[in-house]
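# Overview (structure and organization)
The primary structure of each chain is shown beneath.
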Amino acid sequence: MESIGTYKICTHCIYTENCCCSFNKINSPVLNEDEIQAIKNYINKNNFYEKKDTNLYNLITKNSKCIFYQNNKCTIYKKRPIDCRLFPLDIIRKDKKYYLIIYLLECIDETKIIEEIKDIDYLIAQVKPWIEIFTKDENYTKMKNLKYKIIKEIVLK
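Residues numbered from 1 in each chain as written. Predicted model: local features only at pLDDT ≥ 70, side-chain atom pairs only at ≥ 80, totals over all residues. Heavy atoms only, no water.

### Thoughts on the overall build of the protein chain
- Scanning the protein chain from terminus to terminus reveals 5 helices and 12 strands.
- Across the protein chain, the fraction of contacts at a sequence separation of at least 24, relative to all contacts at a separation of at least 6, is 70%.
- Taken as a whole, the protein chain presents about 9,500 Å² of accessible surface, with 48% of it coming from carbon and sulfur. (Helix = DSSP H or I, 4+ residues; strand = E, 2+ residues; numbered from the N terminus. Contact = heavy atoms within 4.5 Å. Areas by Shrake-Rupley, 256 points an atom, 1.4 Å probe, with all protein chains shown as cover.)

Spelled out as C-alpha coordinates, the structure:
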(Lines give C-alpha, C1' and ligand atoms only; values in the text may rest on other atoms or scores of the structure.)
Protein backbone atom coordinates (compact mmCIF):
# COMPACT_ATOMS: atom_id res chain seq x y z
CA MET A 1 0.00 0.00 0.00
CA GLU A 2 1.21 3.46 -0.88
CA SER A 3 2.15 5.56 2.14
CA ILE A 4 0.07 8.67 2.78
CA GLY A 5 2.99 10.94 3.58
CA THR A 6 5.97 11.61 1.39
CA TYR A 7 8.05 9.27 3.54
CA LYS A 8 7.09 6.43 5.85
CA ILE A 9 7.95 8.42 8.94
CA CYS A 10 5.43 11.10 7.93
CA THR A 11 2.39 8.84 7.57
CA HIS A 12 1.11 9.56 11.09
CA CYS A 13 1.83 13.28 11.03
CA ILE A 14 -1.08 15.68 11.01
CA TYR A 15 -0.16 19.01 9.47
CA THR A 16 2.88 20.72 10.85
CA GLU A 17 3.98 24.23 9.96
CA ASN A 18 7.22 23.10 8.34
CA CYS A 19 6.20 20.47 5.87
CA CYS A 20 5.18 19.75 2.34
CA CYS A 21 1.49 20.46 2.97
CA SER A 22 1.66 23.72 4.94
CA PHE A 23 3.56 26.77 3.78
CA ASN A 24 3.82 29.01 6.82
CA LYS A 25 7.59 28.68 7.06
CA ILE A 26 8.49 27.23 3.68
CA ASN A 27 7.79 28.38 0.15
CA SER A 28 5.20 26.61 -1.94
CA PRO A 29 6.64 24.09 -4.39
CA VAL A 30 8.04 25.14 -7.73
CA LEU A 31 6.76 23.40 -10.81
CA ASN A 32 7.93 23.06 -14.36
CA GLU A 33 5.69 22.84 -17.41
CA ASP A 34 5.91 19.05 -17.62
CA GLU A 35 4.76 18.71 -14.02
CA ILE A 36 1.89 21.10 -14.61
CA GLN A 37 0.74 19.07 -17.61
CA ALA A 38 1.02 15.78 -15.68
CA ILE A 39 -1.08 17.16 -12.82
CA LYS A 40 -3.62 18.65 -15.26
CA ASN A 41 -4.01 15.26 -16.92
CA TYR A 42 -4.34 13.55 -13.53
CA ILE A 43 -6.96 15.85 -11.98
CA ASN A 44 -8.43 17.63 -15.01
CA LYS A 45 -8.02 21.11 -13.48
CA ASN A 46 -6.10 24.20 -14.56
CA ASN A 47 -6.23 26.61 -11.62
CA PHE A 48 -3.58 25.17 -9.29
CA TYR A 49 -0.45 27.11 -10.27
CA GLU A 50 0.76 30.63 -10.94
CA LYS A 51 3.54 31.82 -13.18
CA LYS A 52 6.45 33.38 -11.31
CA ASP A 53 8.98 33.85 -14.09
CA THR A 54 9.92 32.41 -17.46
CA ASN A 55 9.42 28.64 -17.11
CA LEU A 56 8.93 28.99 -13.36
CA TYR A 57 5.64 28.32 -11.61
CA ASN A 58 4.46 27.89 -8.03
CA LEU A 59 1.70 25.79 -6.61
CA ILE A 60 -1.18 28.00 -5.49
CA THR A 61 -1.94 27.77 -1.80
CA LYS A 62 -5.06 28.54 0.18
CA ASN A 63 -4.51 30.01 3.65
CA SER A 64 -0.84 28.93 3.38
CA LYS A 65 -1.88 25.30 2.89
CA CYS A 66 -1.50 23.00 -0.07
CA ILE A 67 -4.70 22.83 -2.10
CA PHE A 68 -4.02 19.15 -2.81
CA TYR A 69 -3.69 18.11 0.84
CA GLN A 70 -7.12 16.92 1.89
CA ASN A 71 -8.31 14.44 4.54
CA ASN A 72 -4.74 14.05 5.81
CA LYS A 73 -3.32 12.94 2.47
CA CYS A 74 -1.98 14.24 -0.79
CA THR A 75 -4.60 13.92 -3.52
CA ILE A 76 -1.97 14.08 -6.29
CA TYR A 77 0.57 11.85 -4.56
CA LYS A 78 1.39 9.84 -7.71
CA LYS A 79 1.90 13.03 -9.74
CA ARG A 80 3.25 15.38 -7.08
CA PRO A 81 6.05 17.72 -8.21
CA ILE A 82 9.72 16.91 -7.74
CA ASP A 83 9.92 19.69 -5.15
CA CYS A 84 7.35 17.78 -3.07
CA ARG A 85 9.05 14.43 -3.69
CA LEU A 86 12.33 15.78 -2.39
CA PHE A 87 11.09 17.49 0.78
CA PRO A 88 12.60 17.74 3.43
CA LEU A 89 15.51 17.46 1.05
CA ASP A 90 16.14 20.23 -1.40
CA ILE A 91 18.62 21.46 -3.96
CA ILE A 92 20.26 24.82 -3.42
CA ARG A 93 22.83 26.93 -5.24
CA LYS A 94 25.65 28.24 -3.10
CA ASP A 95 28.91 29.78 -4.31
CA LYS A 96 28.10 28.81 -7.93
CA LYS A 97 27.73 25.14 -6.97
CA TYR A 98 24.64 23.01 -6.42
CA TYR A 99 24.03 20.91 -3.33
CA LEU A 100 21.53 18.37 -2.09
CA ILE A 101 20.57 19.43 1.42
CA ILE A 102 18.27 18.34 4.21
CA TYR A 103 16.37 20.89 6.26
CA LEU A 104 16.96 20.38 9.97
CA LEU A 105 13.37 20.52 11.17
CA GLU A 106 12.21 19.57 14.66
CA CYS A 107 10.09 16.69 13.37
CA ILE A 108 12.75 15.19 11.09
CA ASP A 109 15.24 12.49 11.94
CA GLU A 110 17.74 13.13 9.18
CA THR A 111 19.24 9.64 9.29
CA LYS A 112 15.82 8.04 8.82
CA ILE A 113 14.94 10.38 5.97
CA ILE A 114 18.19 9.68 4.15
CA GLU A 115 17.61 5.94 4.60
CA GLU A 116 14.03 6.31 3.31
CA ILE A 117 14.96 8.14 0.13
CA LYS A 118 14.61 5.85 -2.82
CA ASP A 119 15.77 6.88 -6.25
CA ILE A 120 17.16 10.20 -5.02
CA ASP A 121 19.64 10.23 -7.90
CA TYR A 122 16.72 9.77 -10.29
CA LEU A 123 14.99 12.85 -8.82
CA ILE A 124 18.19 14.87 -8.97
CA ALA A 125 18.61 13.86 -12.63
CA GLN A 126 15.09 15.14 -13.32
CA VAL A 127 15.95 18.52 -11.78
CA LYS A 128 19.28 18.95 -13.60
CA PRO A 129 17.79 20.26 -16.89
CA TRP A 130 16.08 23.10 -15.01
CA ILE A 131 18.31 23.32 -11.92
CA GLU A 132 19.08 27.00 -12.47
CA ILE A 133 15.37 27.86 -12.40
CA PHE A 134 14.69 25.39 -9.56
CA THR A 135 17.31 27.04 -7.34
CA LYS A 136 16.47 30.70 -7.99
CA ASP A 137 16.70 32.80 -4.84
CA GLU A 138 13.05 33.87 -5.03
CA ASN A 139 12.04 30.23 -4.50
CA TYR A 140 13.60 30.35 -1.05
CA THR A 141 12.42 33.60 0.51
CA LYS A 142 11.00 31.85 3.58
CA MET A 143 13.36 28.89 3.65
CA LYS A 144 16.58 30.87 3.59
CA ASN A 145 16.29 31.16 7.38
CA LEU A 146 15.89 27.42 7.95
CA LYS A 147 18.88 25.46 9.13
CA TYR A 148 20.09 22.74 6.80
CA LYS A 149 22.85 20.23 6.32
CA ILE A 150 24.62 19.63 3.02
CA ILE A 151 24.39 15.99 2.01
CA LYS A 152 26.38 16.14 -1.21
CA GLU A 153 27.42 18.32 -4.09
CA ILE A 154 25.49 17.84 -7.33
CA VAL A 155 27.75 17.60 -10.33
CA LEU A 156 26.08 18.70 -13.53
CA LYS A 157 28.33 16.95 -16.05
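### Observations concerning the nonpolar core
- Ranked by size, the top nonpolar core spans 42 residues in total, and within it Leu-86, Leu-89, Ile-91, Tyr-103, Ile-120 and Phe-134 carry the most contacts.
- If you list the elements that add at least two residues to this core, you get strand 3 (30-31), helix 1 (33-43), strand 5 (56-59), helix 2 (82-86), strand 10 (89-94), strand 11 (97-103), helix 4 (120-127) and helix 5 (131-134).
- In terms of residue count, the dominant contributor to this core is strand 11 (6 residues).
- Residues within four places of Phe-134 in sequence aside, it is in contact with Val-30, Asp-83, Leu-86, Asp-90, Ile-91, Val-127, Asn-139 and Tyr-140. (Core = buried A, V, L, I, M, F, W, Y, C linked by side-chain atoms within 4.5 Å. Buried < 20%, exposed > 50% of the residue type's maximum accessible area, 1.4 Å probe, protein only.)

### Regarding the pattern of salt bridges
- What the rule picks out here adds up to 2 salt bridges.
- As a salt-bridge pair, Asp-121 and Lys-152 come within 2.8 Å of each other at their nearest N and O atoms. A residue pair is termed long-range when its members are at least 10 positions apart, and Asp-121 in helix 4 and Lys-152 in strand 12 (residues 148-154) qualify at 31 residues.
- With a relative accessible area of 33%, Lys-152 lands in the partly exposed category. (Salt bridge = Lys/Arg side-chain N within 4 Å of Asp/Glu carboxyl O.)

### A look at the sheet that holds strand 3
- Taken in spatial order, the 3 strands of this open sheet run 3-5-4, and their pairing is antiparallel. Here the strands that pair on one side only, and so sit at the sheet edges, are strand 3 and strand 4 (49-53).
- Pairing of strand 4 with strand 5, which is carried by 4 bridges, proceeds in the antiparallel orientation. What sits directly across from Lys-51, in strand 5, is Tyr-57. (Pairing = 2+ DSSP bridges.)

### A closer look at the sheet that holds strand 10
- Spatially, 10-11-12 is the arrangement adopted by the 3 strands of the open sheet, whose pairing is antiparallel. Because the sheet does not close on itself, it has two edges, and the strands there are strand 10 and strand 12. Strand-to-strand twist in this sheet, taken as the mean axis angle between neighbours without regard to direction, amounts to 35°.
- Bridge count between strand 11 and strand 12: 6 bridges; the pairing is antiparallel. Across the sheet, residue Leu-100 finds its bridge partner in strand 12, namely Lys-152. (Axes fitted to C-alpha atoms, helices over the stretch in contact; angles between N-to-C directions.)

### A few points about empty space enclosed by the protein
- Applying the stated criterion across every chain, the model contains 1 cavity of 30 Å³ or more.
- Each pocket or cavity is described by its volume, and for the largest cavity that value is around 130 Å³.
- Lining the largest cavity are 15 residues; nearest its centre among them are Asn-27, Ser-28, Pro-29, Asp-83 and Met-143.
- For the lining of the largest cavity, the elements supplying multiple residues, two or more each, are helix 2 and strand 10.
- By residue class, the composition of the lining of the largest cavity is 10 nonpolar, 3 polar and 2 charged. (1 Å grid on protein atoms, 1.4 Å probe; cavity = no way out; pocket = protein on both sides within 12 Å on 5 of 7 lines; lining within 4 Å. Points joined across faces, edges and corners; volume = space filled by probe spheres on them. Nonpolar A, V, L, I, M, F, W, Y, C, P; charged D, E, K, R; others polar.)

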